[in-house]
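Secondary and tertiary structure notes
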Amino acid sequence: MKSKLKIATVVGARPQFIKAGVVNRIIRDHFSSQIEEEIIHTGQHYDHGMSDLFFEQLDIPKPAAHLGIGSSSHGSQTGEMLIKLEQEFQSRKPDAIMVYGDTNSTLAGALAAVKIHIPIIHVESGLRSYLTAMPEEVNRVCTDHVSSLMSCPNQTAITNLKKEGITDQIGACSADNPWVRFHGDVMYDNILFLRDKFGNHCALMDQFGMEENGFLLATIHRPSNTDSRETLQKLFSGLQDLASQNNLKVFLPLHPRTLKLAESNLDTTFWNSFKSDKNIIIHDPIGIIEIGQLVGQSKMVITDSGGLQKEAVFLDKPCIILRDRTEWVELLDCGWGKTVGSDPEKLTSAFNELSQLTGSAPPLYGDGDAAQKLCADILKAFS
């Protein structure tokens, strides 16, 4: 047996920084004598608010390599990642690589590794929206089918993989003999770890005059919502109406790409009106602590993000999902999430329905020890 198992972790986007931060903390606190981890940052999210701030707030070690790839078309971005990640893997010679979720960084990491026969650990495996028009769906399906150890956040993921002929195997762990394990969701681990840091006070609420349960937290970044002028304007108009009709504010930390498209594509009169609306608060991207504080103090979350859907429900806040489908179907099944696409009427209807919810959301994603279970299985699989 080796003295230490060497893992190369590939990250590139905000949700991956959060998940990697959880696992890295558990490695440092409980497995440092057995696992050595190197983090490789592709550069997919590259500005301070979308990248560096999360590394700082989650106390994630500085990446061993930053590839600086940045934004471009799916093919160009993924192709450049493949080239540079293969070089990193060949140089560093990890025993396994770990990828998270479903971004282009995830797919590139998995493909680069499997081509040179390095086992893949896929955290957040088995999620399915069954909508191939979503680039993320293609990324997650392809990654699962070349992975050796699949860490599933819920039982639905186990069922989804089984439908595709991927089931937990006994014997040596490999892409041809994969291990499929229910560990729970490392994002839930993170909320439990950070919850005490959120507190009952948020400086942003004071700055913008927001009262507890008197505002909505909204995020919009998916190309299906931002690339069409009509769709983006319809969503922004729906948020305006919702705020006005219910005497609420909307706090909207805009992804840099969304802001750029709004400024260049939207009708100038509408965009100026939206920006100057006293109920709409447009802000730069914010950190994980601030997001957690605002989720916990908001009335409701409105988002097209995958991770924020769950973060809302972890903190007992209903979530309106600005997508036609979600991979987190259990949020719909338990009644704490509603998909509305980009339809303002559905947005209003979902808000009215979800406003009636009281109490706590049901536990859906494990016991808060997903990272511990993951690390234990990594050692069993690859030592």
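Here the structure is a predicted model, which is why all the values come from computation and not from measurement. (Residues numbered from 1 in each chain as written. Predicted model: local features only at pLDDT ≥ 70, side-chain atom pairs only at ≥ 80, totals over all residues. Heavy atoms only, no water.)

1. What about the packing of aromatic side chains?
Applying the stated criterion to the full structure yields eight aromatic pairs. Their ring planes at 10° and their centres at 4.4 Å tell us that Phe-236 and Phe-274 sit as a pair that is stacked. Of the two residues, Phe-236 is situated in helix α10 (residues 229-246) and Phe-274 in helix α12 (residues 268-276); the sequence distance between them amounts to 38 residues. Of the residues examined, Phe-236 reaches a relative accessible area of 0% and is grouped as buried. Every member of this aromatic cluster is reached through a ring pair, and the members are Tyr-188, Phe-314, Trp-328 and Tyr-365. Seen from the ring of Phe-193, Arg-25 lies directly overhead, with NZ or CZ sitting 3.5 Å from the centre. (Phe/Tyr/Trp six-rings, centres within 6.5 Å; stacked < 30°, edge-to-face > 60°. Helix = DSSP H or I, 4+ residues; strand = E, 2+ residues; numbered from the N terminus. Buried < 20%, exposed > 50% of the residue type's maximum accessible area, 1.4 Å probe, protein only. Lys NZ or Arg CZ within 6 Å of the ring centre and 35° of its normal.)

2. Remarks on helix α1 (residues 14-30)
For an α-helix the count is 3.6 residues per turn, leaving residues at separations of three or four pointing the same way. When the terminal C-alpha atoms of α1 are compared, their 25 Å separation across 17 residues agrees well with the 24 Å that a helix rising 1.5 Å per residue should span. A large share of α1 lies buried, amounting to 13 of its 17 residues. (Expected span 1.5 Å × (residues − 1).)

3. Quick notes on the packing of helix α3 (residues 74-92) against helix α4 (residues 104-115)
Interhelical geometry of α3 versus α4 gives an angle of 45° and a closest axis separation of 8 Å. Judged by the inter-axis angle, α3 sits oblique to α4. For the pair α3 and α4, the sense of crossing is right-handed. Residues His-74, Gln-77, Thr-78, Met-81, Leu-82, Leu-85, Glu-86 and Phe-89 of α3 form the contact with α4, whose participating residues are Asn-104, Ser-105, Leu-107, Ala-108, Gly-109, Leu-111, Ala-112 and Ala-113. Split by residue class, the contact of α3 with α4 holds nine nonpolar, six polar and one charged. (Axes fitted to C-alpha atoms, helices over the stretch in contact; angles between N-to-C directions. Parallel < 35°, antiparallel > 145°, perpendicular 65-115°, else oblique. Left-handed = near helix turned anticlockwise from the far one by under 90°. Contact = heavy atoms within 4.5 Å. Nonpolar A, V, L, I, M, F, W, Y, C, P; charged D, E, K, R; others polar.)

4. Describing the sheet that holds strand β8 (residues 215-219)
Pairing in this open sheet of six strands is parallel, and the strands run β10-β9-β8-β11-β12-β13 from one edge to the other. A single partner strand is all that each edge strand has here, and the edge strands are β10 (280-283) and β13 (337-339). Averaged over all neighbouring strand pairs, the angle between strand axes comes to 20°, with direction disregarded. The pairing of strand β9 (residues 249-253) with β10 spans four bridges and is parallel. Paired with Val-250 across the bridge in β10 is Ile-280. Here helix α13 (residues 288-297) sits on the sheet and contacts β8, β9 and β11 (300-303); the angle it forms with β8, its principal contact strand, is near 135°. (Pairing = 2+ DSSP bridges.)

5. Brief notes about the packing of α1 against helix α17 (residues 370-382)
Interhelical geometry of α1 versus α17 gives an angle of 65° and a closest axis separation of 9 Å. The orientation of α1 with respect to α17, classified from their angle, is roughly perpendicular. The two elements α1 and α17 meet at a crossing, and its hand is right-handed. Residues Val-22, Val-23, Ile-26, Ile-27 and His-30 of α1 touch α17, and the partners they reach there are Ala-371, Gln-372, Leu-374 and Cys-375. Classifying every residue of the contact of α1 with α17 by side-chain character gives seven nonpolar, two polar and no charged.

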